[in-house]
Amino acid sequence: SGASSLGPAELLNLAETHFARGDFDKALEATQRAFDLQRKTGAKKESIQSLSFMAGIFAKLDRIPEAVAACDVAIPIAAGTEAAADADFQAVKLEQQLYASERKAFYKRSIDERLGRITKDFPSHPAASYKWLVEGRILEAEKKFAEPAEQYALVKPGSPSYEECLFRAGHCRFAEGKR
């Protein structure tokens, strides 16, 4: 068929078209085929992009553990680059969803490890400033509001997460006051 002769770039374009039309299964199939071709040719940057897109598709399908797995596949491919921090942070946001719904300690430990890796290996990466935000969101999911309000206040003005932390601090103070 014509689709089988497409290269990775064309397959990703096809995947994006399917995604935009809401055909997530076809988008996933095209993205997986693109990744397979990229992996065979050693195209690291493109492989990482495909895996990131794949994680987004899995998330849209509410298949969050598979979305995290796609991020985890990307991390060693991207080792030593900011793309590794990007993949880790994408996984952090996904694992926050899992932790909020399942409350399994495994997800909290994984989030802590990922954030620690990002802040240690890439301290200037924008995700490093989200550490307090992520930790606070976890505490909010546990219905603890006083502690995250204090943590959010530690984020300095000018930080990429400052405005959201300011909002979350107010939300926590309000929620704590309603108790």
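Look up a bit, the structure's there.
Residues numbered from 1 in each chain as written. Predicted model: local features only at pLDDT ≥ 70, side-chain atom pairs only at ≥ 80, totals over all residues. Heavy atoms only, no water.

**Student:** Got a minute to help me understand the layout of surface pockets in this structure?
**Tutor:** Where empty space is left can be seen by rolling a probe of water-molecule size over the atoms. Each pocket or cavity is described by its volume, and for the largest pocket that value is around 240 Å³. If you trace the largest pocket, you find 13 residues lining it, with K93, Q96, Q97, V134 and R137 closest to the centre. Taken together, the elements giving at least two residues each to the lining of the largest pocket come down to α5 (82–102) and α7 (131–141). In terms of residue count, α5 provides more of the lining of the largest pocket than any other element does, 6 residues in total. Across the lining of the largest pocket, the residue classes break down as 8 nonpolar, 2 polar and 3 charged. (1 Å grid on protein atoms, 1.4 Å probe; cavity = no way out; pocket = protein on both sides within 12 Å on 5 of 7 lines; lining within 4 Å. Points joined across faces, edges and corners; volume = space filled by probe spheres on them. Helix = DSSP H or I, 4+ residues; strand = E, 2+ residues; numbered from the N terminus. Nonpolar A, V, L, I, M, F, W, Y, C, P; charged D, E, K, R; others polar.)

**Student:** Can you help me understand the packing of helix α1 (residues 8–20) against helix α3 (residues 44–60) in this one?
**Tutor:** Packed helices, taken two at a time, are described by their axes: the angle between them and the distance between them. Running from N to C, α1 and α3 point in directions that differ by 20°, and their axes come no closer than 12 Å. Between α1 and α3, the crossing angle belongs to the class labelled roughly parallel. Considering how the two elements wind past one another, α1 and α3 form a crossing that is left-handed. Across the interface between the two elements, L12, A15, E16 and F19 from α1 touch S50, F53, I57 and K60 from α3. (Axes fitted to C-alpha atoms, helices over the stretch in contact; angles between N-to-C directions. Parallel < 35°, antiparallel > 145°, perpendicular 65-115°, else oblique. Left-handed = near helix turned anticlockwise from the far one by under 90°. Contact = heavy atoms within 4.5 Å.)

What is shown is where atoms sit, not what they do.
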